[in-house]
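# Breakdown of the fold
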Amino acid sequence: MTLLLEDLKHSYVGRRIQLVQTVDPYTNLKAGDKGTVTYVSKILDDISIGVKWDTGSSMSLIYGKDDFKILD
């Protein structure tokens with residue numbers, strides 16, 4: 001997972017993303033919301049992708065569970 005984590009940090013931090021779907025039932029984020037990746041880290045057995053959302057939220061995504069796409 002260390003190699004994957006480093007690859008994701010290099011590929012994602014600073015990039016713009018768009019939410020497709022999240023498994024978090026308590027978030028106010030909706031499909032189509034956009035944000036900027038601020039960090040990638042390992043939390044327990046998951047990889048967390050920190051996002052500063054344009055909506056003002058700072059909810060993180062879980063790699064492999066939440067679905068998003070990288071924007072050009």
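Residues numbered from 1 in each chain as written. Predicted model: local features only at pLDDT ≥ 70, side-chain atom pairs only at ≥ 80, totals over all residues. Heavy atoms only, no water.

With respect to the helices and strands, Gln18 occurs in strand E1 (residues 16-21). Polar contacts involving the side chain of Gln18 include one to the main-chain carbonyl oxygen of Gly32, which spans 3.2 Å. Other than its neighbours up to four places away in sequence, Gln18 contacts Gly32, Asp33, Lys34, Phe68, Lys69 and Leu71. (Helix = DSSP H or I, 4+ residues; strand = E, 2+ residues; numbered from the N terminus. Polar contact = N/O pair within 3.5 Å; in protein donor to acceptor, adjacent residues only side chain to side chain. Contact = heavy atoms within 4.5 Å.)

On to the packing of aromatic side chains. Taken as a whole and assessed by the stated rule, the structure comprises one aromatic pair. On the numbers, 5.6 Å between centres and 80 degrees between planes, the contact of Tyr12 with Phe68 is edge-to-face. Here Tyr12 is found in helix H1 (residues 2-12), whereas its partner Phe68 is found in strand E5 (residues 67-70), with 56 residues between them in sequence. Take Tyr12 and Phe68: they sit in the same class, and that class is buried. (Phe/Tyr/Trp six-rings, centres within 6.5 Å; stacked < 30°, edge-to-face > 60°. Buried < 20%, exposed > 50% of the residue type's maximum accessible area, 1.4 Å probe, protein only.)

A word on the pairing of E1. Bridge count for E1 against strand E2 (residues 34-43) is three bridges, and the pairing is antiparallel. Looking at the pairing, Gln18 lines up with Lys34 of E2. Examined bridge by bridge, E1 and E5 share four bridges and lie antiparallel to one another. Bridging across to E5, Ile17 finds its partner in Ile70. (Pairing = 2+ DSSP bridges.)

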